Amino acid sequence: MAAQLSTVAKARSSAESLSSSDDTTDTDTPLSSPPNGTEEVDGMTVKMESLSHAQTSPQMRRRRASTTYASSSDEIKRLLGDGNGTKSLQKYCCGEGCCMLQKLPTHPEATGIPTPDNDAFRFLQLNLEGLSMDAELTQILDLPEPKISFGRLRRQSIIQKFPDEDEHEHDAEHVQVYPPEYMKPHPPYNIYNAPVYGARELTKPGAEKRTYHFDVDVTDYPEEGGVDFKVGGAVGVCPPNDPAMVEDILDRLGVPHFQRDKPVRLFTQGGKWPTIWGDEEARELVTTRREVLTWTVDIQSTAFVKGVFRLLAEHANDAKEKKILMYMSSAQGQAAFCDIRTGPHLTIQQLLNAFPSSRPPLEDLLSLLIQLMPRFYSLSNDPHVSSAREGLAGRRLIEIAVTIHETPAHSDTLRTGVGSGFLERIAKRFIKAEEAALDADPSVLPGVAGRKLGLQIPMFRGLMSNPLSREFASDGPMVLIGAGVGMAPFRGFILNRLKNANCANKIWLIQGIRDSMLDEIYRGELGAHEHDIKKVVQSRAKSPPPVAEGEGAADVATDSTGNAGTAKVESDTRSERKVAKYVQDEVRLQADIVWYVINAVDGRLFVCGSTQGMGEGVKEALIDVAMDKGKLDRETAKQFWDDKNAAGQYIAETW
Ligand SMILES: Cc1cc2nc3c(=O)[nH]c(=O)nc-3n(C[C@H](O)[C@H](O)[C@H](O)COP(=O)(O)OP(=O)(O)OC[C@H]3O[C@@H](n4cnc5c(N)ncnc54)[C@H](O)[C@@H]3O)c2cc1C
Ligand SMILES: NC(=O)c1ccc[n+]([C@@H]2O[C@H](COP(=O)([O-])OP(=O)(O)OC[C@H]3O[C@@H](n4cnc5c(N)ncnc54)[C@H](OP(=O)(O)O)[C@@H]3O)[C@@H](O)[C@H]2O)c1
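Every value quoted in this text rests on a predicted model; they were computed, and no experiment measured them.

K.L.:
Even after reading the chapter, I still don't get the site of ligand 1, so can you show me in this structure?
P.N.:
Ligand 1 sits among 27 residues. The nearest are R375, F376, Y377, G419 and S420. H405 is positioned with one of its side-chain polar atoms (N or O) 3.0 Å from an oxygen atom of ligand 1. Residue V418 places a main-chain N or O atom 2.9 Å away from an oxygen atom belonging to ligand 1. Here ligand 1 loses 89% of its free accessible area of 980 Å² to cover by the protein chains.

The structure is reproduced here in structure tokens:
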């Protein structure tokens, strides 16, 4: 089940990888990312599929419109293994056009093509070796057919066809806060704009990744089929794209200011877009250009299809830009295109800045982008416990912790992920208002100034029958293993157990962090027994000084204050000071507890964090524990955990 969840979650990541599968852990919640109906065949993706079918099908297979095997650069890198993606592709190229790679003839006297002189272009690091203005390019991708169009909205059509639109606000300010009604991540319900009740940073300046805590007010969240927020559940957040990025794209495309916020009719030819989870059908709806670009398309977190280059080529006025873009769409440029897919993470904004003479129509560009998907965030509280908090005056809160994803941008800066970046912008505004209020009046109550801003998070109930929430029990011993923000849901578990007084002997939390001075999130917020139940494993802390033989050598990690010396279970090798670097090291060192809990009738072991590395590392450590303590051979040990998984005792939710 753990493996299943990881796989399903991965395939349904925030618009990373597309799947046509309909199975979800919560029936009405989208985890897959329906594409914008494109039948685009890009050599890279097809190659991935053809490689995986190489034994059974010698023919090239066209990718189904709704299936992408690898659309993020990380995924592609994983499939291709270490090293240069292009080289790997060349090795497997069947020469039948699937890979399309064709070399340009080399002319020793050729001077090469002049390139656009801007940072955005240099950031692409395109390999244009052999390309000249007169190079012959073949198998240039056909210009993709636009799949959507805009039409004028007349007063008469509002009255007759869209009566609700008479009241609908579409100005830029409104659009940046409220998602369009046609987006339905969990039909038939709308997205709910939840007021932000509190926000604070959990990490300290200098932390490699910043993490923020949010209190979200769901007092007025509408009734939805009787399902409530649950400890261990995850809410869906529908983030808007960065407004500055949207504005710059509209500028780059030359969309006149008067058109940006003017209501228009949007026609689609089929598919779910832009509803996220609506029926597959052609649509006619009312929106604005800014609204569509803000809420419905992924402009930054996935690698682009080749059609985007072809479209830009078609509309480039500068001859050298046109040539380079055509090259990227041709058989000769396939290697460069593959490098782009596996190389720097690009945004549409960067691409338009790199080729400033190209101004394609917005609707043609939108046709080539995929749906912007909701992001999920685990509840870091028990909603019932938090709502009983003093001073809330009957408000109902859910809490989440969000780690900010960052990736290099062309302007020598880092840009944030869509969802975590949106939430960080909210948190920063809230925190700034709080600080200003405190400066002005040190007696001001926390939260008051922040709440006055009226900040909102567009969200929906999300996953409330996912493994963590489904298998959590209010009694029985538990081992909780979480790295980074993966620890967040376990705060909810512990707060729930605190209600029942006796949690000290029943919970063991192994928390993986980098450095206890910087990123030990929720330190001091786990109740009176925190020091007894928690082991902190620091991956970046300095090694302790060597210890002479015989000196107390049982401590393997540090406690929540960052001091060594609190491990309850002693390591087997007393003479050797072992320092756990990652949570899986600690799992091995705490083998007795792990083995005791998993063999208790109502014992459970939960794992949460990133799939890559940590999830796999913990799995291996658990196998080692079963081999060591249960005297099982490796295969039987694996089976042991599979059985525990099937029985709902070993639960891993990794991402
Ligand atoms: C059930 C569940 C619970 C979760 N709980 C939490 C939680 O409690 N707290 C939490 O912080 N997160 C949680 N997550 C993860 C969260 O949903 C988001 O995935 C995370 O915040 C990143 O989203 P983002 O929009 O900020 O980043 P995105 O914009 O989606 O970027 C994500 C990554 O994609 C890569 N990327 C970026 N741009 C490109 C590009 N142009 N081309 C290719 N690759 C690119 C980068 O590696 C980047 O880090 C959970 C996920 C699930 C499924
Ligand atoms: N319900 C869910 O599915 C859910 C809920 C919350 C969070 N998440 C996911 O959890 C992840 C947490 O991300 P984060 O950014 O906070 O932390 P992170 O980047 O995963 O790092 C957290 C800690 O894990 C360490 N680590 C790195 N490689 C490891 C490995 N191979 N084995 C074990 N530990 C390793 C890091 O050490 P070094 O960097 O020093 O190597 C660091 O100390 C995210 O991917 C998030 O989406 C999932």
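K.L.:
Mind showing me how you'd approach the site of ligand 2 here?
P.N.:
Residues in contact with ligand 2 amount to 21 residues; listed here are only the nearest, K209, V485, S539, R540 and Y582. Measuring from a nitrogen atom of ligand 2, one finds a side-chain N or O atom of S378 at 3.1 Å. At a separation of 2.6 Å, an oxygen atom of ligand 2 approaches a polar side-chain atom of R540. Taking 920 Å² as the accessible area of ligand 2 by itself, protein coverage stands at 81%.

K.L.:
Before we go on, may I ask you to explain the sheet that holds strand β13 (residues 507-513) in this structure?
P.N.:
Strand pairing in a sheet relies on backbone hydrogen bonds, with the paired strands running either antiparallel or parallel. In space, the 5 strands of this open sheet follow the order β14-β13-β12-β15-β16, with parallel pairing throughout. Edge strands, defined here as strands with exactly one partner in the open sheet, are β14 (534-538) and β16 (650-654). Averaged over all pairs of adjacent strands, the angle between their axes in this sheet comes to 10°, without regard to strand direction. In this structure, β13 lies alongside β14, joined through 5 bridges in parallel fashion. Its bridge partner being in β14, I510 is matched across the sheet by K535. Its contacts with the sheet put helix α20 (residues 488-499) on β12 (478-483), β13 and β15 (604-609), and the angle it makes with β12 is roughly 150°.

K.L.:
What is the right way to read the packing of helix α11 (residues 306-315) against helix α12 (residues 319-328) from this model?
P.N.:
A pair of packed helices can be characterised by two numbers: the angle between their axes and the separation between those axes. α12 packs onto α11 with a crossing angle of 155° between their chain directions and a minimal axis gap of 8 Å. By the angle between their directions, the pair α11 and α12 is classed as roughly antiparallel. Crossing hand, α11 versus α12: left-handed. Contacts between α11 and α12 involve K306, F309, R310, L312, A313 and E314 on the former and, on the latter, K322, L325, M326 and M328. Each residue belonging to the contact of α11 with α12 can be placed in one class, and the counts come to 6 nonpolar, no polar and 4 charged.

K.L.:
Please explain the environment of G630 as it appears in this structure.
P.N.:
Residue placement: G630 occurs in the loop between α24 (611-629) and α25 (634-646). Sequence separation between G630 and W595 is 35 residues, and the spatial gap between their C-alpha atoms is 8.1 Å. With residues up to four places along the chain from it excluded, the contact list for G630 reads W595 and V625.

K.L.:
Even after reading the chapter, I still don't get unusual backbone geometry, so can you show me in this structure?
P.N.:
Negative phi is the rule for most residues except glycine; trans is the rule for most peptide bonds. At the junction of P187 and P188, the peptide bond is cis and its omega measures out at 10° in the coordinates. In this structure, the amide linkage connecting W273 to the following residue, P274, adopts the cis form with an omega of 0°. In this structure, P274 sits in the loop between β5 (264-268) and β6 (283-287). A positive phi is found at Q139, a non-glycine position, where the angle reads about 50°. Topologically, Q139 is positioned in the loop between α5 (119-124) and β1 (148-151). The exposure class assigned to Q139 is partly exposed, which follows from its relative accessible area of 41%. Positive phi, close to 55°, is recorded for K631, a residue that is not glycine. Relative to the assigned elements, K631 resides in the loop between α24 and α25.

K.L.:
Looking at this structure, how should I read the sheet that holds β1?
P.N.:
Strand order in this open sheet of 3 strands is β1-β5-β6, and the pairing throughout is antiparallel. Sheet topology places β1 and β6 at the edges, where each strand pairs with a single neighbour. On average, adjacent strands in this sheet sit at an angle of 25° to one another, irrespective of strand direction. In this sheet, β5 lies alongside β1 in antiparallel orientation, the contact comprising 4 bridges. In the sheet register, F150 faces β5, and the bridge partner there is L266.

K.L.:
Hey, could you run me through the pattern of salt bridges in this one?
P.N.:
If charged atoms from side chains of opposite charge come close, those side chains can pair. All chains considered together, the criterion is met by 33 salt bridges. For R396, the salt bridge goes to D228, with nearest N and O atoms at 3.0 Å. Taken together, the positions of R396 in the loop between α16 (383-387) and β8 (397-403) and D228 in the loop between β3 (211-217) and β4 (234-237) put the pair 168 residues apart, joining distant regions of the chain. Its salt-bridge partner being K629, residue D592 comes within 2.9 Å of it at the nearest N-O pair. A residue pair is termed long-range when its members are at least 10 positions apart, and D592 in helix α23 (residues 591-599) and K629 in helix α24 qualify at 37 residues. By relative accessible area, D592 is classed as partly exposed at 40%. One network of salt bridges, with partners in common, ties together E247, D251, R260, D261 and R290.

Rules behind the numbers
- Residues numbered from 1 in each chain as written.
- Chains lettered and ligands numbered in written order.
- Predicted model: local features only at pLDDT ≥ 70, side-chain atom pairs only at ≥ 80, totals over all residues.
- Heavy atoms only, no water.
- Near = heavy atom within 4 Å.
- Polar contact = N/O pair within 3.5 Å; in protein donor to acceptor, adjacent residues only side chain to side chain.
- Areas by Shrake-Rupley, 256 points an atom, 1.4 Å probe, with all protein chains shown as cover.
- Pairing = 2+ DSSP bridges.
- Helix = DSSP H or I, 4+ residues; strand = E, 2+ residues; numbered from the N terminus.
- Axes fitted to C-alpha atoms, helices over the stretch in contact; angles between N-to-C directions.
- Contact = heavy atoms within 4.5 Å.
- Parallel < 35°, antiparallel > 145°, perpendicular 65-115°, else oblique.
- Left-handed = near helix turned anticlockwise from the far one by under 90°.
- Nonpolar A, V, L, I, M, F, W, Y, C, P; charged D, E, K, R; others polar.
- Buried < 20%, exposed > 50% of the residue type's maximum accessible area, 1.4 Å probe, protein only.
- Salt bridge = Lys/Arg side-chain N within 4 Å of Asp/Glu carboxyl O.

Distances and angles like these do not, on their own, reveal function.
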